[in-house]
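Chain by chain, the residues run as shown.
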Amino acid sequence: GAGVSQTPSNKVTEKGKYVELRCDPISGHTALYWYRQSLGQGPEFLIYFQGTGAADDSGLPNDRFFAVRPEGSVSTLKIQRTERGDSAVYLCASSLMGRGGTSGGGNEQFFGPGTRLTVL
Amino acid sequence: GQQLNQSPQSMFIQEGEDVSMNCTSSSIFNTWLWYKQEPGEGPVLLIALYKAGELTSNGRLTAQFGITRKDSFLNISASIPSDVGIYFCAGPNDYKLSFGAGTTVTVRA
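Keep in mind it's a predicted model, so treat the numbers as computed, not measured.

1. Comments concerning the side chain of Thr82(A)
All names here are of chain A.
- Among the structural elements, Thr 82 can be located in the loop between strand E8 (75-79) and strand E9 (88-95).
- The buried category is assigned to Thr 82, whose relative accessible area is 1%.
- Those residues in contact with Thr 82 that lie beyond four places of it in its chain are Thr 13, Glu 14, Lys 15, Gly 16, Lys 17, Val 19, Arg 64 and Val 119.

In structure tokens, the structure reads:
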């Protein structure tokens, strides 16, 4: 498909376990973003990649959260020692460009369907 | 951080009705975005506004960028069942999007 894909679509884990969430951006998009959406809320920014590097990780809630994008395409969000409060939908988005402007189609963020994480 | 307040929180619509929702911010934005999210999907961009006072349409949707740059309105005309979903306003700070909590639209049976 041509859109952003995320796997798994659902993940149920136990408190204290480690999880990995994967994002495949649109081919050719250099910028990739992770957001977290709690029930009844809008998405909240977590981290932004420009190419392989994390240009802004200011939204990561604590050091249990980490994300990588080693080849500038697929990204993995990793959560260690999961807690019940980590339960949410984790959304990935990509755009053709990133930093440098907000107008025009090059910066439009296209979202994936999300991974629903449930920590028991 | 930037806070976006959306109202109403939810609404029931009758097919054929015109509906309106709005979004206000504590900060000025140079761009306003309106997204729609359906169950099990990510948000999809509906309308982007780039200039204060701008009025932009996308089919039955019309959105306006407030003159103060701290608010925006979205109108849906002649609503149909597939209009159900959650509508979010968002303001970008460069690459980082700040979202409101959404307006949930449900069709009244």
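Read on, since the account is not over.
2. Brief notes about the sheet that holds strand E7 (residues 61-65) of chain B
All names here are of chain B.
- With antiparallel pairing, the five strands of this open sheet are ordered in space as E1-E3-E8-E7-E6. Lying at the two open borders of the sheet, with one neighbouring strand each, are strand E1 (4-7) and strand E6 (55-58). Within this sheet the neighbouring strands show an average axis-to-axis angle of 15 degrees, counted without direction.

3. Comments concerning the pattern of salt bridges
All names here are of chain A.
- Counted under the stated rule, the structure contains six salt bridges over all chains.
- Two residues, Asp 86 and Arg 64, come together in a salt bridge whose shortest N-O distance is 2.8 Å. Separated by 22 residues along the polypeptide, Asp 86 in the loop between E8 and E9 and Arg 64 in the loop between strand E6 (53-56) and strand E7 (65-68) bring together distant segments of the chain.
- Residue Asp 86 is classed as buried on the basis of its relative accessible area of 3%.

4. Remarks on unusual backbone geometry
- The step from Thr7(A) to Pro8(A) runs through a cis peptide bond, and the omega angle for that step is -10 degrees.
- Turning to its location among the elements, Pro8(A) is positioned in the loop between strand E1 (5-7) and strand E2 (10-13).
- A cis amide bond links Ser7(B) to the next residue, Pro8(B), at an omega of -5 degrees.
- With respect to the helices and strands, the residue Pro8(B) is situated in the loop between E1 and strand E2 (10-13).

5. Examining the sheet that holds E8(A)
Residue and element names in this part refer to chain A.
- Taken together, the four strands give an open sheet; going across it, the order is E1-E3-E8-E7, and neighbouring strands pair in antiparallel fashion. Since the sheet does not close on itself, it has two edges, and those belong to E1 and E7, each with one partner. Going from strand to strand, the sheet's axes swing by 15 degrees on average, the running direction of each strand aside.

6. A few points about the packing of aromatic side chains
- For the structure shown, the criterion picks out 11 aromatic pairs over all chains.
- Between Tyr35(A) and Phe111(A), the ring centres sit 5.4 Å apart and the planes meet at 50 degrees, which makes this aromatic pair tilted. Taken together, the residues Tyr35(A) in strand E4 (residues 31-37) and Phe111(A) in strand E10 (residues 110-111) connect sequence positions 76 residues apart. No difference in accessibility class separates Tyr35(A) from Phe111(A), as the two residues are buried.
- Geometrically, the ring pair formed by Phe88(B) and Phe99(B) is edge-to-face, given 6.1 Å between the ring centres and 90 degrees between the ring planes. Here the residue Phe88(B) occupies a position in strand E9 (residues 85-93), and Phe99(B) occupies one in strand E10 (residues 96-99), the gap between them amounting to 11 residues. The same class applies to Phe88(B) as to Phe99(B), namely buried.
- The structure contains a cluster of three or more aromatic residues connected by ring pairs, namely Tyr33(A), Tyr35(A), Phe45(A), Tyr48(A), Phe111(A), Tyr35(B), Phe88(B), Tyr95(B) and Phe99(B).

Conventions used here
Residues numbered from 1 in each chain as written. Chains lettered and ligands numbered in written order. Predicted model: local features only at pLDDT ≥ 70, side-chain atom pairs only at ≥ 80, totals over all residues. Heavy atoms only, no water. Helix = DSSP H or I, 4+ residues; strand = E, 2+ residues; numbered from the N terminus. Buried < 20%, exposed > 50% of the residue type's maximum accessible area, 1.4 Å probe, protein only. Contact = heavy atoms within 4.5 Å. Pairing = 2+ DSSP bridges. Axes fitted to C-alpha atoms, helices over the stretch in contact; angles between N-to-C directions. Salt bridge = Lys/Arg side-chain N within 4 Å of Asp/Glu carboxyl O. Phe/Tyr/Trp six-rings, centres within 6.5 Å; stacked < 30°, edge-to-face > 60°.

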